[in-house]
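# Summary of the model geometry
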Amino acid sequence: SRERVFYLFIHSRAMGAVFSSCGCGDGLSALLGGGAKRRQTGKGVVDAAPDGVVEAQFQRPRAGSWTSPLPKAQLQRLASPGGADFEWCEEAFSLDAQPAGGSTPAAAKASIAADPDARGRRVAEASFASPGDPRAHFLTEQLFASPGALPKAASSTDRQLRELRNTATHEMLKKLPKHLVEATGPDGQALRRRLLNGATVVFFTAGYPGKRFIFERAREMGVKSVIIEHPDSWARALVDEGVIAKFIPIDMSQDAAIVFQQTLDAIRALANDPLTREADGVVTFCELSVPVVARLTEILQLPGHSPLSVDKARDKHWTRAEMKKAGLPSPKNSLIKCEADLQAVASEVGFPAVLKPISGAASLGVKKVTGWEDLQTSYREVITELNSLVVSSGSLVKNDGSGTGVDANKVMDCTILMEQYLDGSEVDVDVVMSDGDWRYAAVTDNGPTLEPYFNETWAVCPSVLPSASQKILKDLAIATLKCLGFQDGIFHVELKLTTHGPQLIEVNARMGGGQVHETNLRVWGIDLVEETLFCGVGIPCRPYIPSREPPGGAVAYCDINATRSGTLQSLDFLKPLNGKEGIVWAKPYIQAGTKVVGPQDGLPTWLAEIVVQKSNAQEALDYLFELQNSLDPPIV
């Protein structure tokens, strides 16, 4: 049956920061013909292609012939926030049939599988082969047992000896003085954007439909985007819409080794495609695809993360071990492989503690324990939950006894990590690294999570913590990235400032999902999509902020959690937000009629998100709380 999802967007004039130019680097202004044109986007001013450029410096060799077939690509990204516009955007979709509007069938399934950033879901969704097939297919393997059957990572020594392929972008970089390419300021950024223009970039998996803005931004920057995804992906339509150059369908329900080899062959074949020519880089914005892309770039000799570093970051126990070796603070932790290990592990770690599946299966099985009896009960509960799951109809769901689906425990590692509970304030640090050092690190405060399941509540950027506290958190984030061996890239690092100092929660070796991109762009004027694309093709990253103060003031956002179990009757509880100043958007995660779970019965369901923008962090946070407290979702 057809189901409908309603997206409610509320816009306000929350932007308008204009960044001043500041000449930088002798010779750069001359190269750009006295400066770059600038255009207003509603999210600050963005450098357009500069006039008067010495074209010989930017002549892209072996350039593909693709250009958008439309006079203007069909971009759907939110425009500059208008005067408190209020509208219902209705999108119909079917979980197992043809969606409305001519989109591809089962559009969201495969992409969401590679993307835990999709919100409002209590189980991880994926596309799989026929029910009952016991093989570890690509997406299940990456969700539960990464890196699985992917190629072995090169050693650190072999990695240091490798030479990068001489791509078209690399040839252009060699023609320019290094100090100009690495210059900070608006002219330096304009130069790097000009170098990116015309590059062919492969995106392995597209993510959920909410990440469409990534491909629209790439198109605006002149990138020839190639998406490799499951044949049913929503992203396939982006070709006809003039947003991407090519869509390559690969069946993600095949064995991991087959998917990887077909992807590798497809990327190599681009060199003979006159539309694209050879790939300048391969990137992803999806967590489960990070180990794959790292191995693709290593084999193809393209810029990218070391697979060894990625594997260390995705395995929380391995991360802790590397940090301990480097002399960095790390909570006590140990592995529980079976119930017989509980006593020894409890004695080593102590209480309170947190249980986490080592496989990192989204939020499943993460729980706080406060004592021995609680540990025994919770461990059995977690293992029972993991063993009761099956892969059926594209989702990880409870076994209903029907005999359909694949037992999840056949493809996932049920080893549990028990680690010391960390008190204190949680933060996110979004980091841009280039040439082995950090070039940008912004701290976002997170509100207290809903325990024992650690559901997120609210966030605000810039941080309201004292500058000294922010510094030690940023220092730990950067030191952790370096100890794991990362050199370049965009990272979303989660930490806590405990009573005993800063502690790491986890490292995500890609741009954060959810509101992360919007927050950094609105507050600091830093486009993490742009910086990801630079890294992906080997262009240095030197993000520029014109002053110490955030040009865009502050952004705060919250996830509205269900306060009790029942059925959400309607979305009308969001309507009073219409017309209120400072609201960027209010957007439900679920539809009316959905059954939801409150904290008394399990992991709470996310109902909606609210994003606001004000002149400073405390004002934004206070306003967010005022709005949040005014809402009463009708759950019966």
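Given the structure is predicted, the values throughout are model-derived calculations rather than measurements.

### Here we look at the overall build of the chain
On a plain count of helices and strands, the chain comes out with 18 helices and 25 strands. Residue burial in the chain is summarised as follows: out of 636 residues, 58% are buried. Within the chain, contacts between residues separated by at least 24 positions form 71% of all contacts whose residues are at least 6 apart in sequence. In the structure as shown, the chain presents an accessible area of about 25000 Å², 50% of it carried by carbon and sulfur atoms.

### Brief notes about the sheet that holds strand β5 (residues 200-204)
Backbone-to-backbone hydrogen bonds pair the strands of a sheet. The strands run either parallel or antiparallel. The strand order across the open sheet formed by four strands is β7-β6-β5-β8, and the pairing between neighbours is parallel. Strands with a single pairing partner mark the edges of an open sheet, and in this sheet they are β7 (246-249) and β8 (281-283). With strand direction ignored, the average angle separating the axes of adjacent strands in the sheet is 20 degrees. Sheet topology note: the β5/β8 ladder contains three bridges and is parallel. Residue Val202 lies in a different strand from β8, and its bridge partner there is Val282.

### Describing the packing of helix α8 (residues 212-220) against helix α17 (residues 528-537)
Where α8 contacts α17, the axes come no closer than 10 Å and their chain directions differ by 65 degrees. Judged by the twist between their axes, the crossing of α8 over α17 is right-handed. Here Phe213, Ile214, Arg217 and Ala218 of α8 come into contact with α17, specifically with Val529, Glu530 and Leu533. Taken together, the residues that form the contact of α8 with α17 break down as five nonpolar, no polar and two charged.

### A short note on the pattern of salt bridges
Enumeration over the complete set of coordinates arrives at 27 salt bridges. The residue Glu322 makes a salt bridge to Lys325 at a minimum N-O spacing of 3.2 Å. Pair noted here: Glu322 and Lys325 are both in helix α12 (residues 316-325), with a separation of three residues, about one helical turn. For Asp572, the salt bridge is made with Lys575, and the minimal N-O distance between the two is 3.8 Å. Salt bridges sharing partners connect three or more residues here, namely Arg193, Arg217, Glu220, Asp527 and Glu530.

### A few points about the side chain of His517
Take His517: it is sitting in helix α16 (residues 516-524). Apart from residues lying up to four places away in sequence, His517 is in contact with Phe213, Met511, Asp527, Leu528 and Val529.

### Some points on the nonpolar core
Leu196, Phe203, Phe215, Ile227 and Leu533 are the most contacted members of the largest nonpolar core, which has 51 residues in total. Tallying contributions element by element places α17 first for this core, with six residues. Discounting chain neighbours no more than four positions away, the residues touching Leu196 are Arg60, Met221, Val223, Leu533, Phe534, Val537 and Ile539. Core analysis: the second largest hydrophobic core is formed by 30 residues, Leu571, Trp606, Ile610 and Val612 among them.

### A short note on the pairing of strand β19 (residues 489-498)
The side chains of a regular strand alternate between both faces of the sheet. In terms of residue burial, β19 counts as a mostly covered element, since 10 of its 10 residues are buried. Burial along β19 is two-sided: Gly489, Phe491, Val493, Leu495 and Leu497 and Ile490, His492, Glu494, Lys496 and Thr498, pointing in opposite directions, are all buried. Judged from the seven bridges that link them, β19 and strand β20 (residues 501-508) form a sheet pairing that is antiparallel. Residue pairing in the sheet places His492 in a bridge with Asn508 of β20.

### Topic: the sheet that holds strand β10 (residues 353-357)
Read across the open sheet, the four strands follow the order β9-β15-β10-β11; overall the sheet is antiparallel. The open sheet has two edge strands, β9 (333-336) and β11 (367-369), and neither has a second partner. On average, each strand axis in the sheet is inclined to that of its neighbour by 30 degrees, with strand direction left out of account. Two elements, β10 and β11, share three bridges in a ladder whose sense is antiparallel. Residue pairing for β11: Val354 is matched across the bridge by Lys368. Of the strands in this sheet, β9, β10 and β15 (416-420) are in contact with α12, which crosses β9 at around 150 degrees. Taken strand by strand, helix α14 (residues 372-387) contacts β9, β10, β11 and β15, and its axis lies near 160 degrees from that of β11.

### Some details on the packing of helix α10 (residues 290-300) against helix α11 (residues 307-314)
Relative to each other, α10 and α11 sit at 170 degrees, their axes nearing to 9 Å. Taken together, the axes of α10 and α11 are roughly antiparallel relative to one another. Helix-helix and strand crossings are classified by hand; for α10 and α11 the assignment is left-handed. Each of Val290, Pro291, Ala294, Arg295 and Glu298 in α10 lies in contact with α11, whose residues at this interface are Pro307, Val310, Asp311 and Arg314.

### Things to note about the environment of Arg194
With respect to the helices and strands, Arg194 occurs in helix α7 (residues 186-196). When the C-alpha positions of Arg194 and Met221 are compared, they lie 8.3 Å apart, and in sequence the two are 27 residues distant.

### Observations regarding the confidence of the model for the chain
Across the chain, the average pLDDT comes to 80, with 74% of residues at 70 or higher. Predicted confidence is poor over residues 1-26, with pLDDT under 50, and the contacts of this stretch with residues over four places away or in other chains come to 110 contacts.

### Considerations on the pairing of β10
For β10, the tally of buried residues reaches five of five residues, placing the bulk of the element in the interior. The alternating pattern of β10 places Ala353, Leu355 and Pro357 and Val354 and Lys356 on opposite faces, both of which are buried. With five bridges joining them, β10 and β15 adopt antiparallel strand pairing. Counted as the bridge partner of Lys356 is Leu417 from β15.

### Observations concerning unusual backbone geometry
Leave glycine aside and you will find that most residues have negative phi; peptide bonds, for their part, are mostly trans. Cis geometry marks the peptide bond from Phe351 to Pro352, where omega comes out at -5 degrees. You can see Pro352 is positioned in the loop between α13 (342-349) and β10. With an omega of 5 degrees, the peptide bond between Cys461 and Pro462 qualifies as cis. Structurally, Pro462 can be placed in the loop between β18 (458-461) and α15 (467-483). Residues other than glycine seldom take positive phi values, yet Asp435 does so here, at roughly 55 degrees. Summarising the element assignment, Asp435 is placed in the loop between β16 (425-434) and β17 (437-446). For Asp435, a relative accessible area of 44% translates into the label partly exposed.

Calculation notes
- Counting starts from 1 at the beginning of each chain's written sequence and moves along it residue by residue.
- Local features are withheld for residues below a pLDDT of 70 in this predicted model, meaning they are given only at 70 or higher, and side-chain atom pairs are given and counted only at 80 or more; totals for whole chains, interfaces and linings count all residues.
- The side-chain numbers reported here are obtained from all heavy atoms of the structure, hydrogens and water having been left aside.
- Secondary structure elements are taken from DSSP: a helix is a run of H or I of four residues or more, a strand is a run of E of two residues or more, and numbering for both begins at the N terminus.
- Exposure classes here rest on a 1.4 Å probe applied to the protein chains alone. A residue is buried below 20% of its type maximum, exposed above 50%, and partly exposed in between.
- Note on definitions: a residue-residue contact is assigned when non-hydrogen atoms from the two residues lie within 4.5 Å.
- Areas reported as accessible are Shrake-Rupley estimates using a 1.4 Å probe. Residue values count occlusion only from the protein chains shown.
- For two strands to pair, DSSP has to find at least two bridges joining them.
- Working convention: axes come from line fits to C-alpha atoms, limited for helices to the stretch in contact. Angles between N-to-C directions cover 0 to 180 degrees.
- Here is the rule for handedness: rotate from the far helix to the near one, and if that takes an anticlockwise turn smaller than a right angle the crossing is left-handed, while a clockwise turn gives right-handed.
- Any residue outside Ala, Val, Leu, Ile, Met, Phe, Trp, Tyr, Cys, Pro, Asp, Glu, Lys and Arg is labelled polar, Gly included; the first ten of those are nonpolar and the last four are charged.
- The salt bridge definition used is simple: a Lys or Arg side-chain nitrogen within 4 Å of an Asp or Glu carboxyl oxygen.
- Buried residues of nine kinds, namely Ala, Val, Leu, Ile, Met, Phe, Trp, Tyr and Cys, make up a nonpolar core once their side-chain atoms join them within 4.5 Å.
- Reported orientations rely on four angle classes, namely roughly parallel under 35 degrees, roughly antiparallel over 145, roughly perpendicular from 65 to 115, and oblique for the rest.
- A residue's pLDDT is the predictor's confidence in that residue, given on a scale from 0 to 100.

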